[in-house]
Amino acid sequence: MKFLARDYGIGFMVWYWTVWFTTAGLTYAAMEVGGVDPVIVAGKVEAFLGWDAGALSGRLDPTLGKLGLTIAVNECLEPLRLPIVVLTTKPVVNLFSKRNY
């Protein structure tokens, strides 16, 4: 990624964050449409880790929990997102860069 930042500068950063926020928005929308409840997910994580019931889920605000779950899932998508960004940075930056005719 260093070479992309070095070679394409701000264009790379804008493209990377555009793709990041797009996947975050799609993840949030998928959780809304799918009816994912972050409190239930937190309860399953507690059970998996052997924690006391309600240790996390009892103190979780559903709205902030959904935002946190969205960010966590979005970060898990990084191995899929990064190759797409790497492969598309040059064409996208070239498309939006100034052209001298």
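Here, every reference points to the structure presented above.
These numbers were taken from a predicted model, which means no experiment stands behind them. (Residues numbered from 1 in each chain as written. Predicted model: local features only at pLDDT ≥ 70, side-chain atom pairs only at ≥ 80, totals over all residues. Heavy atoms only, no water.)

1. Description of the packing of helix α3 (residues 38-49) against helix α4 (residues 62-76)
At step 1: Closest axis-to-axis distance for the α3/α4 pair is 8 Å, and the angle between their directions is 65°. Between α3 and α4, the angle falls in the class roughly perpendicular. Contact residues: P38, V39 and V41 in α3; P62, G65, K66 and L69 in α4.
At step 2: Split into classes, the residues belonging to the contact of α3 with α4 amount to five nonpolar, one polar and one charged. (Axes fitted to C-alpha atoms, helices over the stretch in contact; angles between N-to-C directions. Helix = DSSP H or I, 4+ residues; strand = E, 2+ residues; numbered from the N terminus. Parallel < 35°, antiparallel > 145°, perpendicular 65-115°, else oblique. Contact = heavy atoms within 4.5 Å. Nonpolar A, V, L, I, M, F, W, Y, C, P; charged D, E, K, R; others polar.)

2. A short note on the side chain of T23
At step 1: Take T23: it is sitting in helix α2 (residues 10-34).
At step 2: Exposure remark for T23: the relative accessible area of 19% places this residue in the buried category.
At step 3: Excluding residues within four positions of it along the chain, T23 makes contact with N74 and R81. (Buried < 20%, exposed > 50% of the residue type's maximum accessible area, 1.4 Å probe, protein only.)

3. Some details on the environment of D61
At step 1: Its location among the elements puts D61 in the loop between α3 and α4.
At step 2: Taking the C-alpha atoms as reference points, D61 and V39, 22 residues apart in sequence, are found 8.0 Å from one another.

4. Let's talk about helix α5 (residues 78-96)
In an α-helix there are 3.6 residues to a turn, and that puts residues three or four apart on one side.
At step 1: Maximal helix bending in α5 amounts to about 50°, located at T88; proline P91 follows within four positions.
At step 2: Listing the buried residues of α5 in full gives E78, R81, V85, T89, V92 and V93.
At step 3: Considering only its buried residues, α5 is in contact with α1 (2-8), α2 and α4. (Bend = angle between axes of the 7 residues up to and from the residue.)

5. Let's talk about α3
At step 1: Counted at 1.5 Å a residue, the expected span for α3 with its 12 residues is 16 Å, and the 16 Å between its end C-alpha atoms agrees.
At step 2: Considered for burial, the residues of α3 that qualify are P38, A42 and E46. Viewed along the axis of α3, the buried residues span an arc of 85°, placing them on a single side of the element. When the buried face of α3 is taken as reference, the exposed residues oriented beyond 90 degrees from it are K44, A47 and F48. (Expected span 1.5 Å × (residues − 1). Arc of directions from axis to C-beta.)

6. Considerations on the packing of aromatic side chains
At step 1: Scanning the entire structure with this criterion turns up five aromatic pairs.
At step 2: Measuring from centroid to centroid gives 5.2 Å for Y16 and W17, while their planes differ by 85°, and the two rings are edge-to-face.
At step 3: Judged by centre distance (6.2 Å) and plane angle (45°), the ring pair of W17 and F21 falls under tilted. Of this pair, W17 and F21 both sit in helix α2, separated by four residues, roughly a single helical turn.
At step 4: Taking relative accessible area as the criterion, W17 reaches 38% and is therefore assigned partly exposed.
At step 5: What makes F21 exposed here is its relative accessible area of 54%.
At step 6: By the ring-pair criterion, three or more aromatic residues cluster together here, those being F12, Y16, W17, W20 and F21. (Phe/Tyr/Trp six-rings, centres within 6.5 Å; stacked < 30°, edge-to-face > 60°.)

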